[in-house]
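# Tertiary structure, described
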Amino acid sequence: MDLTLTPSTRVHPLPKPVVLCILDGVGLGAKDGGDAVHLAKTPTLDRLFSGPQATQLAAHGPAVGLPGEGDMGNSEVGHNALGAGRVFAQGAKLVNAAIADGGAFGETWEWLTQSGTLHLLGLLSDGNVHSHIKHLLAILDRAAADGVQRVRVHILTDGRDVGSRTSLTYIRQLQEHLDHLGAQGVDYRVASGGGRMLLTMDRYEADWEMVQRGWDAHILGQGRHFDSAEQAVQTLYDEDPKVNDQYLPAFVIAEGGEALGRVQDGDALLFFNFRGDRALEISRACEVIGMQRAGSVPIDGRDAPSFRYAGMMEYDGDLHIPQRYLVAPPAINRTVGQYLVANGKRSFAISETQKFGHVTFFFNGNRSGLLDAELEQYVEIPSDNVSFDTAPRMKAVEITDRVVQEVGSGRWDHIRLNIANGDMVGHTGALDATVEAMECVDACVARIEAAVLEAGGVLLVTADHGNADDMWMRNKDGSPKQQADGPVPRTSHTLAPVPFALVDASGHWALDVPADPGLANVSATLLVLMGLEPPADYLPPLVRPA
């Protein structure tokens with residue numbers, strides 16, 4: 001594929017570097033007492049986002065390939081859009097269509113259901129970021145229709161993409177569905193569970209112990225015994241009134257002292273999450289240990305059964321993880337990163353562990369590794385393994401130190417970075433910590449801005465989705481939902497637009513906002529600033545020569 005682009009002669013000299021600073025989870029909110037972005041003392045961001053070279057971008061719903069306007073954006077689809085230049089149908093939309101037309105229930109489904117017990121593992125909520133309960137219910141209906149007699153469901157409680165203590169709502173909905181199917185003569189039961197941030201759903205190999213805890217509960221049936229998932233969650237709530245669904249300890253449903261859903265030789269397991277980043281490690285463990293395939297994982301596989309494994313989607317298209325899946329992922333091609341290396345541009349990408357894959361893998365259209373080792377460098381700053389409300393600065397300062405160094409080096413045409421604080425601290429629901437996180441972010445952006453201006457470059461500041469902009473759960477009229485000690489904390493993303501600001505001391509560039517701008521317009525913007533005419537099918541740039 002020829003990715004050569006026509007050089008532009010509209011502005012010379014070209015700025016160098018062109019820096020894309022992604023403030024993860026920083027939306028434009030209601031500017032009230034629940035808006036940590038507004039409450040924080042952020043003189044630099046206030047100036048940038050209210051100036052003449054600023055606008056806002058859509059970062060949710062159809063603008064990032066999700067089904068409807070009520071679908072919150074997330075870091076995966078946000079970075080896909082930032083790097084793709086066009087809008088591709090994303091996980092939830094693809095799965096909806098494949099379930100509706102039966103495409104999900106092809107060869108892999110038949111392979112899974114020609115085994116012993118079918119185990120279904122995934123995040124139980126309607127957050128529509130990693131999974132949706134309606135997909136699970138549809139799979140259960142199809143299994144019953146296809147004559148599958150025994151199913152065990154292993155649930156991960158959410159509290160992050162939905163309300164912080166809402167898991168009982170989804171458990172009751174699931175149990176009602178299982179009871180309905182059970183009345184038809186099948187044996188479908190919940191078997192294990194626990195919080196998504198304590199077991200199974202690690203990402204970027206930050207904490208394999210999470211995966212081990214999930215393996216022990218879901219695969220081996222090891223954990224604290226309860227009679228039902230509802231009893232388990234209610235007991236854990238009662239024992240710790242402050243515990244969030246994200247951090248519920250592992251639990252196992254048992255009868256007569258025996259785990260109800262330990263995976264046995266000859267069984268099959270489907271991971272029904274559609275998003276890839278938090279599905280890769282458990283997929284690797286299941287394929288290497290359960291499927292006895294080549295490779296290694298830091299999981300204790302002793303006493304492991306031999307079982308079939310598949311994912312809802314292919315979570316890594318380069319590494320082909322997993323090898324079997326129900327729904328093909330979006331085929332994102334001709335990303336801005338590919339165009340840059342094909343046209344000889346040098347790029348540097350950096351973030352801490354929690355978002356490193358977003359400025360590399362997702363930004364590059366779900367491709368692992370460097371696109372061109374001669375022209376690119378990727379740097380990961382290891383994240384601390386802590387609850388981020390206890391360390392709201394995260395690694396923003398360390399990232400900024402390195403970005404300032406690289407801006408001054410003159411080596412790069414393009415630098416992109418993700419500062420994770422707004423999202424990761426926002427997910428804790430801790431308002432004061434998120435305010436502190438945003439103040440740290442502001443100080444870091446000030447340093448980056450100064451370095452870029454000194455180097456004669458251009459700085460673009462934006463975000464991938466909202467989160468820190470609304471730390472309260474809301475009633476339909478927008479007022480905060482209340483509990484005994486104040487507003488109910490919100491731990492999920494938001495539907496807010498995100499900011500976009502252009503910083504260019506040369507005066508050569510001006511904001512030029514097309515109709516209905518979204519994250520995907522950023523790709524063409526990068527190309528134009530680096531002297532390349534964007535492909536005809538890219539969404540238009542957000543800047544023009546002044």
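Look above for the structure.
Source: prediction; values computed, not measured. (Residues numbered from 1 in each chain as written. Predicted model: local features only at pLDDT ≥ 70, side-chain atom pairs only at ≥ 80, totals over all residues. Heavy atoms only, no water.)

## Side note on the sheet that holds strand β2 (residues 54-57)
The strands that make up a sheet are held in pairs by hydrogen bonds between backbone atoms, and each pair lies either parallel or antiparallel. Taken in spatial order, the seven strands of this open sheet run β2-β18-β15-β1-β14-β12-β13, and their pairing is mixed. Looking at which strands have only one partner, the edges of the open sheet turn out to be β2 and β13 (376-381). Geometrically, the sheet is characterised by an average inter-axis angle of 15° between neighbouring strands, direction not taken into account. (Pairing = 2+ DSSP bridges. Helix = DSSP H or I, 4+ residues; strand = E, 2+ residues; numbered from the N terminus. Axes fitted to C-alpha atoms, helices over the stretch in contact; angles between N-to-C directions.)

## Digging into the pairing of strand β9 (residues 268-271)
Side chains A268 and L270 of β9 all project onto a buried face; the interleaved residues L269 and F271 project onto the opposite face, where all are buried too. Here β9 runs beside strand β10 (residues 308-313); their pairing, made up of four bridges, is parallel. Bridge pairing in β10 places A268 opposite R308. Read from β9 through helix α10 (residues 280-290) to β10, the crossover connection turns out right-handed. (Buried < 20%, exposed > 50% of the residue type's maximum accessible area, 1.4 Å probe, protein only. Right-handed = clockwise from strand over helix to strand, strands pointing away.)

## Considering α10
Of all eleven residues in α10, ten are buried; the element is thus mostly enclosed. Within α10, burial applies to L280, E281, I282, S283, A285, C286, E287, V288, I289 and G290. On the buried face of α10, the contacting elements are β3 (118-124), α8 (208-219), β9 and β10. (Contact = heavy atoms within 4.5 Å.)

## Thoughts on unusual backbone geometry
Omega for the peptide link from K16 to P17 comes to 0°, which places this bond in the cis form. One can find P17 in the segment before β1 (18-23). Cis geometry marks the peptide bond from I321 to P322; its omega dihedral reads -10°. Its location among the elements puts P322 in the loop between β10 and β11 (325-327). In this model, M394 sits at a positive phi of 45°, which is unusual for a non-glycine residue. Inspection of the secondary structure assignment puts M394 in the loop between β13 and α13 (396-409). Taking relative accessible area as the criterion, M394 reaches 10% and is therefore assigned buried.

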